[in-house]
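# Breakdown of the fold
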Amino acid sequence: MTIDLCAAPGEADVSAPAGGVTGSVHSWDISTGVDGPGTRFVLFTAGCPLACAYCHNPDTQDMRYGTRRSAEEVLTRIGRYRRFIAASGGGVTVSGGEPLLQPAFTSAVLRGAKDLGLDTALDTSGALGHRADDALLAATDLVLLDVKAIDPAIYEDLTRGSLTPTLRFAERLATMGKRVWVRYVLVPGWNDQPEHVERHAAYVATLGNVERVDVLGYHRLGREKYTELGMVDRLAGVDGATPAQVQAARDIFTNAGLVAP
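This text gives an overview of the structure that appears in the document.

For the rest of this paragraph, the subject is unusual backbone geometry. Residue Gly 96 is joined to Gly 97 through a cis peptide bond whose omega torsion reads 10°. Looking at the element boundaries, Gly 97 is found in the loop between strand S5 (91-95) and helix H3 (103-115). Positive phi, close to 65°, is recorded for Arg 160, a residue that is not glycine. As for its position among the elements, Arg 160 is in the loop between helix H5 (152-159) and helix H6 (164-176).

Below, the structure written as structure tokens:
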């Protein structure tokens, strides 16, 4: 369930107002069941270094489509929902785009949410994991790590980026003992081959700090945005993943000793 809490974002103001950390924000909403435990206030930052073929919010890839907000402004809004989200065992999730493209802003929001007594989560591809300093991670209770593919060639095909930084970040989190939920978007014909999923599951199982794996089926929702933005839809001829395909992938992760609800 998702409840939209803001109007469509306007053009980003590139000049940062004085007095506080600011960032480019795409939107925020309240969600249940998909962005961490309980009911979450989810902040979507604008800008991403990757160009995932299956991205259903391609307007989050460019900071120009965000609106300049201060961390204080965001935290004030979070405060309005504090009792509601805390009562569910939920909290605050900073997502994107890629929140580590704006590490100072992301850190300020996460630390402020902790000061409000709320659980915190960071939803990231890990591509910019080196920008997450110890203070940011100390303010993060849970990392939702989107490991998009385990084969470097398939990863590059899907994202136009390199897998190596994500694996480095995953291993850093494992060394720290940081709680992680791995996210895996299953795209038919791209990363759904059983041998690929088995290799992916085997790697994740070695980390030792992954509480669960969420297998998310690729869907066609939001594809019209590509036309609106003048972008090429590289998955134009690809159907969404079926429930049976998603369950088959979940079974592989489960057989590797992982929780894949």
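Now for the pattern of salt bridges. Inspection of every chain in the model, using the stated rule, returns 14 salt bridges. The residue Arg 172 makes a salt bridge to Asp 134 at a minimum N-O spacing of 3.5 Å. Note that Arg 172 is positioned in helix H6 and Asp 134 in helix H4 (residues 134-138), a separation of 38 residues in sequence. On the basis of relative accessibility, which here comes to 26%, the residue Arg 172 falls in the partly exposed class. Note that Arg 223 and Asp 233 form a salt bridge whose closest N and O atoms lie 2.5 Å from each other. With a gap of 10 residues between them, Arg 223 in the loop between strand S9 (210-217) and helix H8 (224-229) and Asp 233 in the loop between H8 and helix H9 (243-255) connect regions that are remote in the sequence. Comparing Arg 223 with Asp 233, the two get one shared label, buried.

For soluble globular proteins, the rule of thumb is that nonpolar side chains tend to be buried together. Core analysis: the largest hydrophobic core is formed by 70 residues, its most contacted members being Leu 43, Val 187 and Phe 253. Dropping the residues within four chain positions of it, Val 187 is found in contact with Tyr 54, Leu 158, Asp 192, Tyr 218, Leu 235 and Val 238.

Note on placement: Thr 22 falls in strand S2 (residues 22-32). Overall, Thr 22 belongs to the buried group, its relative accessible area being 14%. A distance of 3.2 Å separates a polar atom in the side chain of Thr 22 from a polar atom in the side chain of Arg 68.

Rules used throughout
- Residues numbered from 1 in each chain as written.
- Predicted model: local features only at pLDDT ≥ 70, side-chain atom pairs only at ≥ 80, totals over all residues.
- Heavy atoms only, no water.
- Helix = DSSP H or I, 4+ residues; strand = E, 2+ residues; numbered from the N terminus.
- Salt bridge = Lys/Arg side-chain N within 4 Å of Asp/Glu carboxyl O.
- Buried < 20%, exposed > 50% of the residue type's maximum accessible area, 1.4 Å probe, protein only.
- Core = buried A, V, L, I, M, F, W, Y, C linked by side-chain atoms within 4.5 Å.
- Contact = heavy atoms within 4.5 Å.
- Polar contact = N/O pair within 3.5 Å; in protein donor to acceptor, adjacent residues only side chain to side chain.

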